[in-house]
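# Residue-level structure breakdown
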Amino acid sequence: MGAGFRAPYGYGGGMTEAFDPAKDAAARAAAEFVEPGMRLGFGSGTTLWCFLDHLAARVRAGLEVAGVPASEATAQRARNLGIPLLRLDQVERLDLTIDGADEIDPRKDMIKGGGAALVREKIVAAAATEMVVMVGENKLVEVLGRSFRLPVEVLEFGWRQAARRIETLGCSTELRCGSDGEALRTDNGNRILDCAFDDGIHAPRELERELNAIPGVLDNGLFVGMAGRVLVGSPAGTVREIS
Ligand code: 5RP
């Protein structure tokens, strides 16, 4: 992995779940946005799983909701917590999707995909009236891509061809491996290329389109113009909202 970039989950032996007061505070606040009868999208990642814990407490107290999970791991968590699930095909629209992010800039554009769930997360977010994002302060950046590499999901077939084309856009690429050292496979059966833009990403909307025009690319972790309310948790456990 290139120096200076934070590692996605695949490198560290899985998602760490040590209690993080900033994530927990943002997740608790997000759970308060949920109203009876809502159809929700559930993203993926440790912050989302904190959110599920808080939501489950409300469900046990009688709140009726159902959610569409964006990853198998999220589905498993929600099931274990007794939160009702739906398939995306069973709903016309979602009221809210709730998710974390790897980086978010002042325009609320984001890099996601640290947990390799970016394709389904984007589909679920696109089906929702609003995307509520929960982050700790450490995820706030001035310029995307300087401290976290952009994940791109590619088909296994011909992935080296896709990687070479991606590199012509000004980055280096690395095939993501899981904690077992083998190439990581997404829930969709594909590969992830982590793309290092050393000077950062200055035109995310254009880059998102250019990447997705490359044959073999399923989607990339740039979420541009998608975030609604953003809840930022601090290590002291306070939360501020950016709308
Ligand atoms: C998964 C994601 C996550 O939302 C992102 O990686 C943030 O994860 P965490 O909440 O564990 O910090 O995009 O694909």
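Note: the structure precedes this text.
What comes next concerns the included structure. Residue numbers restart at each chain and count upward from 1, following the sequence in its written direction. Only residues with pLDDT of at least 70 get local features here, since the model is predicted, and only at 80 or more are side-chain atom pairs given and counted; chain-wide, interface and lining totals rely on the full set of residues. The side-chain numbers reported here are obtained from all heavy atoms of the structure, hydrogens and water having been left aside.

Glancing now at the pattern of salt bridges. One speaks of a salt bridge when a side-chain nitrogen belonging to Lys or Arg is within 4 Å of a carboxyl oxygen belonging to Asp or Glu. Evaluated as defined, the whole model comprises 14 salt bridges. Here Lys-122 ties to Glu-208 by a salt bridge, and the two come within 2.6 Å at their closest N and O atoms. One end of the pair, Lys-122, is in helix 4 (residues 118-126); the other, Glu-208, is in helix 6 (residues 204-212), with 86 residues separating them in the sequence. The residues Lys-122 and Glu-208 share a single accessibility class, namely buried. Measuring nitrogen to oxygen at the nearest pair gives 2.9 Å for the salt bridge that ties Asp-194 to Arg-176. In this pair, Asp-194 is assigned in strand 9 (residues 191-196) and Arg-176 in the loop between strand 8 (172-175) and strand 9, connecting sequence segments 18 residues apart. Each of the two residues, Asp-194 as well as Arg-176, counts as buried. Several salt bridges converge on common partners, so that one network encompasses Arg-149, Glu-174, Arg-176 and Asp-194. Secondary structure counts use DSSP, requiring at least four H or I residues in a row for a helix and at least two E residues in a row for a strand, with both numbered from the N terminus. Throughout, exposure labels follow a simple rule: accessible area from a 1.4 Å probe, protein chains only, divided by the maximum for the residue type, with under 20% read as buried, over 50% as exposed, and the rest as partly exposed.

Any two strands with at least two DSSP-identified bridges between them are counted as paired. Strand order in the open sheet formed by four strands is 8-9-7-10, and the pairing between neighbours is antiparallel. Strand pairing shows two members of the sheet lacking a second neighbour, strand 8 and strand 10 (217-220), which therefore form its edges. Pairs of neighbouring strands in the sheet enclose a mean axial angle of 30 degrees, with direction left out of account. Of the pairings in the sheet, the one linking strand 8 to strand 9 comprises four bridges and is antiparallel in character. By the bridge assignment for strand 9, Leu-175 is matched with Leu-193. Two residues qualify as a contact provided that any one of their heavy atoms is within 4.5 Å of a heavy atom in the partner residue. Between N-to-C directions, angles cover 0 to 180 degrees, with each direction set by a line fitted to C-alpha atoms, over the stretch in contact for helices. Against the sheet, helix 4 contacts strand 7 (150-154), strand 9 and strand 10, and its axis sits at roughly 65 degrees relative to strand 10.

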